[in-house]
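# A look at the structure
One letter stands for each residue in the lines below.
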Amino acid sequence: MPRRKVLLIKKLERMIIRLPKPRLIRQFREKLLCWYGKYGRKFPWRRASTSKYQYIIAEILLQRTRAETIAVFFPNFVREFPSWKNLGSASVARLQRYLQPIGLWRRRAASVKALAREMTKRNGIFPKRREDIEALPGIGQYIANAVLLFCHGTPQPLLDVNMARVLERVFGPRKLADIRYDPYLQELAKKVVQRKTPAKLNWAILDLASTICLIRKPRCSDCPLASICLEAVIA
Ligand code: SF4
């Protein structure tokens, strides 16, 4: 490719990915973590004793389902299927029956079983590289980030529509419609969680999205980020 074209592409990339000032991101983290210490939600998969297997199962179950629903369902599920091996050897019919109360049971049963069989062959150890993780059955960008975060200790954002809403309101809108390919949102989310407590930061953003920064009526007057948020509406 001609050098001029390469330089032009790089310039365009820089324009698209212009991130907020580090000071603002630092304030975001500090205010949020302080709020989370008082108001963070307690879920069974957020305990210190949670295993890597349990973290990933929780994230798979949480996709497209309310955390409060999974909080009731999760303890029984991991009691019934305590390991990848156990899950992989269960029949699809049994898994479907078990998953029925939380919806999407056919798709979920097929995808957790396929992943569990693969993970049993791998002795429960996920590959280290993102490309290899995403090549496993039923794993997309979000779960791959969860694997890197919870199983390999690499700071990664659990970037979904809820986290995107908070980040966009506080720092400014994305440039592309699809979160997965938006370079600004992807880079911003990574920057935000790149600290000592990435899991806590992720949970804090998700909790704020569920309890304060609501889709239709954000409760800006109660929000710890109101003083730095671009879209704060204080009555
Ligand atoms: S100030 Fe309002 S819009 Fe901004 S993050 Fe908080 S609740 Fe959301």
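Residues numbered from 1 in each chain as written. Predicted model: local features only at pLDDT ≥ 70, side-chain atom pairs only at ≥ 80, totals over all residues.

## Here's the deal with the overall build of the chain
Looking only at helices and strands, the chain features 12 helices and 0 strands. Sequence-ordered secondary structure for the chain, helices as α and strands as β, is α-α-α-α-α-α-α-α-α-α-α-α. Relative to a compact globule of 235 residues, whose C-alpha radius of gyration would be 18 Å, the chain shows 19 Å and is just as compact. Projecting the C-alpha coordinates of the chain onto the three principal axes gives extents of approximately 55 × 50 × 30 Å. Looking at the chain as a whole, 29% of its 235 residues are labelled buried. Within the chain, residue pairs in contact and separated by at least 24 positions form 60% of the contacts whose partners lie at least 6 positions apart. (Helix = DSSP H or I, 4+ residues; strand = E, 2+ residues; numbered from the N terminus. Rg over C-alpha atoms; globule rule 2.2 N^0.38 Å. Buried ≥ 20, exposed ≤ 12 C-beta atoms within 10 Å, placed from the backbone. Contact = placed C-beta atoms within 7 Å.)

## Concerning helix α11 (residues 183–193)
Within the span of α11, buried status applies to Tyr184, Leu185, Leu188, Ala189, Val192 and Val193. Take α11 and look down its axis: the buried residues cluster within an arc of 145°, on one side only. (Arc of directions from axis to C-beta.)

## Quick look at the site of the ligand
If you check the shell around the ligand, you find 14 residues, and the closest are Cys213, Pro218, Cys220, Cys223 and Cys229. A class-by-class count of the residues in the shell around the ligand yields 11 nonpolar, no polar and 3 charged. (Near = placed C-beta within 6 Å. Nonpolar A, V, L, I, M, F, W, Y, C, P; charged D, E, K, R; others polar.)

## Some points on the domain arrangement of the chain
When its domains are assigned, the chain resolves into domain 1 (20–42 + 156–228) and domain 2 (50–150). The distance between the C-alpha centroids of domain 1 and domain 2 comes to 25 Å. Here the residues of the side of domain 1 that touches domain 2 are counted per class, giving 5 nonpolar, 2 polar and 2 charged. (Domains from an automatic or database assignment.)

## Overview of the packing of helix α3 (residues 52–62) against helix α4 (residues 67–80)
The packing of two helices is summarised by the inter-axis angle and the distance between the axes. Direction vectors running N to C along α3 and α4 enclose 135°, while the axes themselves pass 10 Å from each other. Here α4 runs oblique to α3, going by the angle between their axes. Here α3 runs over α4; the crossing is right-handed. Listed contacts from α4 to Gln54, Ile57, Ala58, Leu61 and Leu62 of α3 are Ala67, Ile70, Phe73, Phe74 and Val78. Looking at the contact of α3 with α4 residue by residue, the classes come out as 9 nonpolar, 1 polar and no charged. (Axes fitted to C-alpha atoms, helices over the stretch in contact; angles between N-to-C directions. Parallel < 35°, antiparallel > 145°, perpendicular 65-115°, else oblique. Left-handed = near helix turned anticlockwise from the far one by under 90°.)

## What about the environment of Glu231?
Considering the arrangement of structural elements, one finds Glu231 in the segment after α12 (198–211). With 41 residues separating them along the chain, Glu231 and Lys190 place their C-alpha atoms 21 Å apart.

## Some details on the environment of Ile70
The residue Ile70 is located in helix α4 in this model. Setting aside its immediate chain neighbours within four residues, Ile70 contacts Ala58, Leu61, Leu62, Thr65 and Ile102.

## Side note on the nonpolar core
Among the nonpolar cores identified, the biggest contains 55 residues, and Val147, Met163, Val166, Leu167, Ala189 and Ile205 are the most heavily contacted of them. Shared between two domains, this core holds at least three residues of each, these being domain 1 (20–42 + 156–228) and domain 2 (50–150). (Core = buried A, V, L, I, M, F, W, Y, C linked by C-beta atoms within 7 Å.)

## Thoughts on the packing of α3 against helix α9 (residues 141–150)
Relative to each other, α3 and α9 sit at 155°, their axes nearing to 10 Å. Taken together, the axes of α3 and α9 lie roughly antiparallel to each other. Our pair here, α3 against α9, has a crossing hand that is right-handed. Across from Lys52, Tyr55, Ile56, Glu59 and Ile60 in α3, the residues of α9 making contact are Ile143, Ala146, Val147 and Phe150.

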